Amino acid sequence: MTTGAPAGRRTSDRPAGGRARGRRRDTAAALGLLAVLGVAIAVVETTAADAALSVGPALLAAGSWVAALVVARHGARLPAGSTGPWRAFALATGLLGLGQAASALVGVGVNTSEAGWHDLPLVAAVPVALTACARLLPAAGRRPIGSRALLDGGIVLVAVALLGEALLADAAARSGGVADALVSVGYPAVGALLCGVGLVTAAAVDDARRPAAAWLLTAFVALAVVVVSGALAVTLRSTGLDVVTGLAWLAMLGAGIRAVDADPGRLREDPEQPGALPLAGVVFSNCAAFGVALFLAVGVAVGRSVSAVEGVGITVLMLLTFVRCLLWAADGERLTRRVRRTEGWLRALLHSGEAVTVLLDGEGRVAWATGPVRDQLGWAARDLSGRALLALVHPGDRELLGRVAAAVRAGGQPVELPATLRLGTRDGDWRDVEVSGAARTGGEDDGLVLHLRDVSARGRTQRELERLAYTDFLTGLPNRARFMAALADQDTAQACVLLIDLDGFKAVNDVAGHDAGDRLLCEVAESLRAAAREKDVVARLGGDEFAVLVRADRAEATALAERLVDLLDREHRPATPGGTTSQGPVFAVSGSVGLAELRPGTDPSEALRRADLALRTAKSDGKNCVRSSGEALDRAVDRRAGLARDLPAAIADGHLTVAFQPVVGVLERRILGLEALVRWQHPEYGAVPPDEFVGLAEDDGLVVPLQRWVLGAATAALAPLLAAGYDVQLGVNISIRHLQAGCLAADVARALADSGVPAHRLMLEITESVLMGAGDRMEGDLAALREMGCVLSLDDFGKGHSSLARLARLPVDVLKMDRAFVAHIEDDPRTAVLVGSVIELGRTLGMDVVAEGVETAGQLAALDRLGCRFLQGFLLGEPVPAGELSALLAGFDPAVLDGAGIPSHV
């Protein structure tokens, strides 16, 4: 197990922050050591010349090996594929250290005066260094080395070579042999080559790796100083040259360490990222060329002669530099054209849209604006430039703009966008301007780019649409939607709703025409608007119905309602098309008003319902009056709302029950039929009358599921009686809504099939008014039920209006007389005659006649005398639940038909 690391974690698994700190410590320690070695070399070379022959190279060898170790170690942390250059550079540095160690053994000093075997490691390091540069370049095919980078490298190579030739010409001439001449001339040539290759590498590498290549070039420049100084030392022994060589050597090692630390590794190149202009290469090459030219010019000035080689060299150097300057000018011109073309595209793109692009500097001033600035913002672009945009924004919207700017500078996208703010124009007006987008410019000023668009027309259109959506087109008053919104927004402690309906308005429309009716509605609207207070809301809900939201207590609202009734009670003579009112009919027009208090925290529609109920009360009380929603009306509304809320669940969960009342045959002296009567025992309101909740079911569209349930429950209760041998028939009341729904036949068939009851045992009781007004479709449904075998009964006969001719054509088997006939049969001879006529009519048409509501023995005796064969009522049997039917049928006493000693139920 590796020591020094926690269990379960290798040393290499330390967090990235820890590794970075470790590299910084290594670099700092290595650079510090190199600095110490530099001081030591300077001291040794200047104070102990004999010892320096071995100590100096030994110190440089130690520094080289330390640098090689740091470079190899730091290069290993780079991604795969990026460590090659630094392994090669570490090897080259190690070879250089090996050469210095050999020089220390031989004792030839930092600058050797003669060539020998100790130079072999130094020579071997050159191709390895070139390999490091080659491996630092991009992979083949990604970014080829351009001609300009090669030209820059060539200029540096010629310049350094020319400088070396100028400095070392005399030394080469005085060298003692071929090896010494090679040292005097070959080393500077190698330095020139490395500098040129280093410059080409710095120009051709990826942008991310260029700092590392620049440090590597610095190392090669330092190496060039070393080799030039060493070449001079062949013939010119000087302690100063030894110090310069040692310090340049250590500077080379330090630059190599900084190079590997600056390398992020080979990254994936973004194809959309434009390549940078190689400025550093051209600057470096030009500086090298003009520096060497200046050096030679100064030499000529002080009397030094220029050799033929130097003349050719300076000519070649100037030609290469001239060509490079031409290429640089061509590149600049090409880039200028590209920038201008791109700028033209950008301006055309921005001007082609409706939005204005505004560039703000770091202080919020307009630095640039393009697009239809005058049309959209009301400013000329030159007048807007330099102004603080925030100063032009309405004070109420400045916080919004500040939030947008803060969100963009934080690196996020503002959630408010697109946002609309008010911007002042040069003329002093305000425009609604939409901020559709925002972004940072980056750079030192940290500015913003905003996309602005004038939406004032859209705002006006939207406000106009909102006005139309909430305004009655005829009278200009608020409509129902606006009135309901006002009710919902009502927050005062006391408020009332007045619901106003015109009396006699229909006659105006029918006689004088709809134009006259519209003029009357406009007059009424103006009267209501004038009578109401400014804080009240007057609205037209539709037709001739108006409403007023009175922001006052009940007493004040009642007083206003009475004034409105008095104001609307007048004669109205419609104007003729010519505009005169002297001729034409006169109409008596008045208004009925319903009043309801608006209770805090309740649904506004509830107040409107209570006001409507009060209005109907006013209508039923003779019109032209005010009625308030009192406690009784509120209870009725609350009860109906509660029943409407609970009825669906009562039907779905089977909370309803069915009771059965017997129908007795006089001749048979037994129970022949049972009428199914639905019952609802509400947990809060108690027993709810069938007329109440059946009517509620019809109004709320629940009558079909209600009667579907009754059919199933009633036939299920009849089935066991038939199985027990009882000869009875079942009667079930049918609503017109069920018949109109078109599914009655299917529901009846399903109930019969589920219970197993034969169709002829089921009698469907339909009211007289339904059958008299039945259309062809309903008559077809009734005929289908008749063909199934069901018995059809005309219920409540005599209560409505009947056509005897139509009655003869209807598929009806039974007539059930309304209980109103039976109620007065004892004391009204004319009623008795009518009852007798109905019984005779049924006998003539082949229909059985059933008398409902038999309550007393006198009624029973009268019906017996008239020959009515079938009777139903409390006298003969009260409704009982399904569980008591067997006892009812078995315990029926025929003596009840004799009427002896039977008490009356009335």
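Going by the structure above, here's the rest.
Let me sum up the structure you'll find in this document.

Quick notes on the rules
- Residues numbered from 1 in each chain as written.
- Predicted model: local features only at pLDDT ≥ 70, side-chain atom pairs only at ≥ 80, totals over all residues.
- Heavy atoms only, no water.
- Helix = DSSP H or I, 4+ residues; strand = E, 2+ residues; numbered from the N terminus.
- Buried < 20%, exposed > 50% of the residue type's maximum accessible area, 1.4 Å probe, protein only.
- Areas by Shrake-Rupley, 256 points an atom, 1.4 Å probe, with all protein chains shown as cover.
- Phe/Tyr/Trp six-rings, centres within 6.5 Å; stacked < 30°, edge-to-face > 60°.
- Arc of directions from axis to C-beta.
- Salt bridge = Lys/Arg side-chain N within 4 Å of Asp/Glu carboxyl O.
- Contact = heavy atoms within 4.5 Å.
- Axes fitted to C-alpha atoms, helices over the stretch in contact; angles between N-to-C directions.
- Nonpolar A, V, L, I, M, F, W, Y, C, P; charged D, E, K, R; others polar.
- Core = buried A, V, L, I, M, F, W, Y, C linked by side-chain atoms within 4.5 Å.
- Polar contact = N/O pair within 3.5 Å; in protein donor to acceptor, adjacent residues only side chain to side chain.

1. Things to note about the overall build of the protein
Here is step 1: Along the protein, the regular secondary structure elements total 32 helices and 21 strands.
Here is step 2: Here the protein, with 906 residues, has 45% of them falling under the buried criterion.
Here is step 3: Carbon and sulfur atoms form 58% of the exposed surface of the protein, whose accessible area is close to 43,700 Å².

2. What about the packing of aromatic side chains?
Each aromatic ring pair is characterised by the separation of its centres together with the angle its planes make.
Here is step 1: Taken as a whole, this structure holds one aromatic pair when the rule is applied.
Here is step 2: Plain terms: the ring middles of Trp680 and Phe693 are 5.7 Å apart, the flat faces sit at 85 degrees to each other, and that makes the pair edge-to-face. Of this pair, Trp680 sits in strand β13 (residues 670–682) while Phe693 sits in helix α22 (residues 690–699), and the two are 13 residues apart along the sequence.

3. Here's the deal with unusual backbone geometry
Here is step 1: Not every positive phi belongs to a glycine, and Asn624 is a case in point at roughly 55 degrees.
Here is step 2: Along the chain, Asn624 falls in the loop between α20 (604–620) and β11 (626–628).
Here is step 3: Since its relative accessible area comes to 29%, Asn624 is described here as partly exposed.
Here is step 4: The residue Arg669 is not glycine, and still its phi comes out positive at about 55 degrees.

4. Let's talk about α22
Here is step 1: Among all positions of α22, only Phe693, Leu696 and Ala697 are buried. Take α22 and look down its axis: the buried residues cluster within an arc of 100 degrees, on one side only. Those residues of α22 that are exposed and angled more than 90 degrees off the buried face are Asp691 and Asp699.

5. Here's the deal with the pattern of salt bridges
Here is step 1: Tallied over the full model, the rule gives 31 salt bridges.
Here is step 2: We note a salt bridge from Arg540 to Asp472, for which the minimum N-O separation is 3.1 Å. Taken together, the residues span a long stretch of sequence, with Arg540 in strand β7 (residues 537–542) and Asp472 in the loop between α15 (456–469) and α16 (480–489) at a distance of 68 residues. Both residues of the pair, Arg540 and Asp472, belong to the buried class.
Here is step 3: Residue Lys816 pairs with Glu765 through a salt bridge whose shortest N-O separation is 3.1 Å. Of this pair, Lys816 sits in strand β18 (residues 814–817) while Glu765 sits in strand β16 (residues 762–767), and the two are 51 residues apart along the sequence.
Here is step 4: Given a relative accessible area of 1%, Lys816 falls into the buried group.
Here is step 5: Of the residues examined, Glu765 reaches a relative accessible area of 2% and is grouped as buried.

6. Some remarks on the environment of Ala746
Here is step 1: Mapped onto the elements of the fold, Ala746 is located in helix α25 (residues 744–755).
Here is step 2: Through-space distance from the C-alpha of Ala746 to that of Asp781 is 10.0 Å; in sequence the pair is 35 residues apart.

7. Remarks on the environment of Tyr726
Here is step 1: Within the secondary structure, Tyr726 sits in the loop between α23 (703–723) and β15 (729–734).
Here is step 2: The spatial distance from the C-alpha of Tyr726 to the C-alpha of Ala890 is 9.2 Å, given a sequence separation of 164 residues.
Here is step 3: In this structure, Tyr726 is in contact with Leu721, Ser886, Leu889 and Ala890, ignoring residues within four places of it in sequence.

8. Considering the environment of Leu151
Here is step 1: With respect to the helices and strands, Leu151 occurs in helix α5 (residues 147–173).
Here is step 2: On a C-alpha basis, the gap between Leu151 and Val323 in space is 8.8 Å, while along the polypeptide they are 172 residues apart.
Here is step 3: If sequence neighbours within four positions are ignored, Leu151 has contacts with Leu320, Val323, Arg324 and Leu327.

9. Thoughts on the packing of helix α17 (residues 505–512) against helix α18 (residues 514–531)
Here is step 1: Contact geometry of α17 with α18 gives a least axis separation of 6 Å together with a crossing angle of 145 degrees. In contact with Phe505, Val508, Asn509 and Ala512 of α17, α18 contributes His514, Ala516, Gly517, Leu520 and Leu521.
Here is step 2: Partitioning the contact of α17 with α18 into residue classes produces six nonpolar, three polar and no charged.

10. Re the side chain of Asp361
Here is step 1: Its location among the elements puts Asp361 in the loop between β1 (356–360) and β2 (366–370).
Here is step 2: Here Asp361 falls in the buried class, since its relative accessible area comes to 16%.

11. Brief notes about the nonpolar core
Here is step 1: With 79 residues, the main nonpolar core has Phe660, Val732, Val748, Leu863 and Leu871 as its most contacted residues.
Here is step 2: Here this core takes nine residues from α23, the largest share from any one element.
Here is step 3: In contact with Val732, not counting residues within four places along its chain, are Ala676, Val710, Leu711, Ala714, Leu762, Met763, Leu764 and Glu765.
Here is step 4: Grouped together as the second largest cluster of nonpolar side chains are 37 residues, Leu59, Val70, Leu78 and Leu250 included.

12. Things to note about the side chain of Asp536
Here is step 1: Relative to the helices and strands, Asp536 is located in the loop between α18 and β7.
Here is step 2: According to the relative accessible area criterion, Asp536 is buried, its value standing at 8%.
Here is step 3: A polar contact of 3.1 Å, which involves the side chain of Asp536, links it to the backbone nitrogen of Arg551.
Here is step 4: In this view, Asp536 contacts Val548, Leu549, Val550, Arg551 and Leu560; residues no more than four positions away in its chain are not counted.

Limitation: the analysis is restricted to geometry and does not speak to function.
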